[in-house]
Every structure is written in C-alpha cells, then in structure tokens.
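# Report on the structure
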Amino acid sequence: MLDDGAPLFAQIADTLANQIADGTLGEGDRAPSSNELSAYYRINPATAVKGINVLVDQGLLTKVRGIGMFVAVGARQQLLQQRRAHFVTDYVEPLLQEASRLAMTSEEVLALVRQAIQSQGGGEE
C-alpha cells in the first residue's frame, strides 16, 4: 500500500518498478492503467499518470496508442542493473565501512553474511 511519505506519484512508479524487477509484470505485459491505479489506490488519476510517466521517461514502459501501457523489452534487465549498482553504494559500502571500524576481517564479514543467508532459508550456489 502507499504510505511511506514519498510523493504518491513516486510511490506508484516504485510499486510498478518493483513489479517489473521481480517479474510480476513481464516484458510485453500490459501495465495497469492510470484509471485502474487511481481506483485501486483511491488517488487522483493525474497522480497515477505522473507515476506512469516516470517509468515511460526511464524507458521501462511503452505506450501503444488506444491500447495502453506495456512493459518495455529489456525493462527488467535495465532495472536489475541499476538496482545492483545502487546496492553496492547503499548497502555493501556502508557494511564494509562499519566492518572496518569494528576491525573485522573480510572472512568474518563473509561468515556473517553466509550465516544471515542461511537463517533466512537461503542457500549458496
């Protein structure tokens, strides 16, 4: 649901981008219309349009006149590349900085990461 304090149009864009990134909306799939989004979230249709247009501007959605918006070819891969780059700067670098402050070795950090993965039910490749 929408409520994290960010502008509503940005939350709409993030929600749709998350659906593209996780494969819920696949390449070529029809994206929800502004009317569908506005009814579902009970927001102004212009706000929904603004959120959709963010993704159009990023090349993640394409418009087929008279039919609707569709997920662009390569959209998921584009999002994953962007998010992986942000992952390093937002999570990995701060983790390594804190590990350095704590005088942890890389082996200790990796062991903690592996332990966290296992505790969440994940496996290693």
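Above this text is the structure in question.
As a starting point, this report considers the structure included with it. (Residues numbered from 1 in each chain as written. Predicted model: local features only at pLDDT ≥ 70, side-chain atom pairs only at ≥ 80, totals over all residues. Heavy atoms only, no water.)

### Quick word on the overall build of the protein
Each helix and strand in the protein was counted, giving 5 helices and 2 strands. What you see in the protein, going N to C, is helices and strands ordered as α-α-α-β-β-α-α. Rg of the C-alpha trace for the protein: 19 Å, well past the compact-globule value of 14 Å for 125 residues, more than 25% over. Summarising its shape, the C-alpha atoms of the protein cover approximately 60 × 30 × 25 Å along the three principal directions. Across the 125 residues of the protein, 25% fall into the buried class. Taking as baseline every contact in the protein between residues at least 6 positions apart, the subset at least 24 positions apart corresponds to 50%. Counting only carbon and sulfur atoms, one obtains 53% of the accessible surface of the protein, whose full area is about 8,600 Å². (Helix = DSSP H or I, 4+ residues; strand = E, 2+ residues; numbered from the N terminus. Rg over C-alpha atoms; globule rule 2.2 N^0.38 Å. Buried < 20%, exposed > 50% of the residue type's maximum accessible area, 1.4 Å probe, protein only. Contact = heavy atoms within 4.5 Å. Areas by Shrake-Rupley, 256 points an atom, 1.4 Å probe, with all protein chains shown as cover.)

### Overview of the pairing of strand E2 (residues 68-71)
Alignment of strand E1 (residues 61-64) against E2, held across 4 bridges, turns out to be antiparallel. Residue pairing in the sheet places Lys63 in a bridge with Met69 of E2. Counting the residues that bridge the hairpin from E1 to E2 gives 3 residues, and of these Gly66 lies at a positive phi of roughly 85°. (Pairing = 2+ DSSP bridges.)

### Things to note about the packing of helix H2 (residues 34-41) against helix H3 (residues 45-57)
Put simply, H2 and H3 touch, their axes get as near as 8 Å, and they point 120° apart. The pairing of H2 with H3 is recorded here as oblique in orientation. Along this stretch, H2 crosses H3, giving a crossing that reads as right-handed. Two secondary-structure elements touch here, H2 through Ser34, Asn35, Leu37 and Ser38 and H3 through Pro45, Ala48, Val49 and Ile52. Of the residues belonging to the contact of H2 with H3, the class tally is 5 nonpolar, 3 polar and no charged. (Axes fitted to C-alpha atoms, helices over the stretch in contact; angles between N-to-C directions. Parallel < 35°, antiparallel > 145°, perpendicular 65-115°, else oblique. Left-handed = near helix turned anticlockwise from the far one by under 90°. Nonpolar A, V, L, I, M, F, W, Y, C, P; charged D, E, K, R; others polar.)

### A closer look at the packing of helix H1 (residues 8-21) against helix H4 (residues 75-101)
Packing of H1 against H4 brings their axes to within 8 Å, and their N-to-C directions diverge by 105°. The pairing of H1 with H4 is recorded here as roughly perpendicular in orientation. Between H1, through Asp14, Ala17, Asn18, Ile20 and Ala21, and H4, the contact on the second element is made entirely by Ala75, Arg76, Leu79, Leu80 and Arg83.

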